[in-house]
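# Understanding the architecture of this molecule
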Amino acid sequence: MKTTSILWRRLDQPGHEFARLAPCDGGWLLSGAAVLAEAGEPCRLDYRIRCDAQWRTLEVGIEGVVGTREVALRVTVDEAQRWFVDGVECAALAGCQDVDLGFSPSTNLLPIRRLALAVGEQASVRAAWLRFPQLVFEPLEQVYRRVEARRYGYESGGGSFRAELDVDDEGFVVRYPDFWERFAAGTGRGRRRRG
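All of these numbers come straight from a predicted model, not from anything done at the bench.

For strand E5 (residues 57-66) and strand E6 (residues 69-77), the ladder comprises eight bridges, and the chain directions are antiparallel. Bridge pairing in E6 links Val 65 to Glu 70. Hairpin connection between E5 and E6: a loop of two residues separates the two successive antiparallel strands, and Gly 67 in this loop has a positive phi of roughly 65°. Sheet analysis places E6 next to strand E7 (residues 83-85), joined by three bridges and oriented antiparallel. Each bridged residue has a counterpart across the sheet, and for Val 75 the counterpart in E7 is Val 85.

And the structure:
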């Protein structure tokens, strides 16, 4: 798989996010930067997510500022799928395979790539969700259903939240209704698209 990047604009309030996906040490590195407003406060969050070849989250780093509060989080996941936040085990996240950053559309890519669902198939996912703007991790039950080649039904909270996500060939969300849409995308081949 080639290196690819994407730029989103937020629809419900001011904000943009850049993300890049690249091969890394036999797995994948998803990195990005979000600049947005939350409850009238300016926020900037940079993140790096390292995954293995099967798209399971291994390590997450998040740094930035929310309003005037500085943010620095480091997460590691061991082979037994135990999650450690800043070196402290978070037992509630045990068994999660994906991280879900509550401020970003980028992490939907991780279960989409890992599950590799055929059209018509669905799967349940238990993700380590970073609630935003609180920036606290908690487990979140999710369901992904592949509706069409480039469309997924997504739900969480036992169906209390539902959305249909349009994605590109790499699995990046290009339209997240009411929240995000792709503004630009690029690949490692130097070709640029707008959409």
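Applying the stated rule across the entire model yields 16 salt bridges. Two residues, Arg 9 and Glu 181, come together in a salt bridge whose shortest N-O distance is 2.7 Å. Here Arg 9 is found in strand E1 (residues 4-10), whereas its partner Glu 181 is found in strand E15 (residues 180-187), with 172 residues between them in sequence. Given a relative accessible area of 31%, Arg 9 falls into the partly exposed group. By relative accessible area, which is 25% here, Glu 181 ends up partly exposed. Arg 175 serves as the salt-bridge partner of Asp 166, at 2.8 Å between the closest nitrogen and oxygen. Connected through shared salt-bridge partners, Arg 151, Glu 164, Asp 166 and Arg 175 make up one network.

One number sums up the size of the largest pocket: a volume of about 480 Å³. What lines the largest pocket is a set of 17 residues, and nearest its centre among them are Gly 102, Trp 129, Phe 161, Tyr 176 and Phe 179. Looking at the lining of the largest pocket, the elements with two or more residues in it are strand E9 (98-101) and strand E12 (151-156). For the lining of the largest pocket, a count of residues per class yields 10 nonpolar, four polar and three charged.

Criteria and thresholds
Residues numbered from 1 in each chain as written. Predicted model: local features only at pLDDT ≥ 70, side-chain atom pairs only at ≥ 80, totals over all residues. Heavy atoms only, no water. Pairing = 2+ DSSP bridges. Helix = DSSP H or I, 4+ residues; strand = E, 2+ residues; numbered from the N terminus. Salt bridge = Lys/Arg side-chain N within 4 Å of Asp/Glu carboxyl O. Buried < 20%, exposed > 50% of the residue type's maximum accessible area, 1.4 Å probe, protein only. 1 Å grid on protein atoms, 1.4 Å probe; cavity = no way out; pocket = protein on both sides within 12 Å on 5 of 7 lines; lining within 4 Å. Points joined across faces, edges and corners; volume = space filled by probe spheres on them. Nonpolar A, V, L, I, M, F, W, Y, C, P; charged D, E, K, R; others polar.

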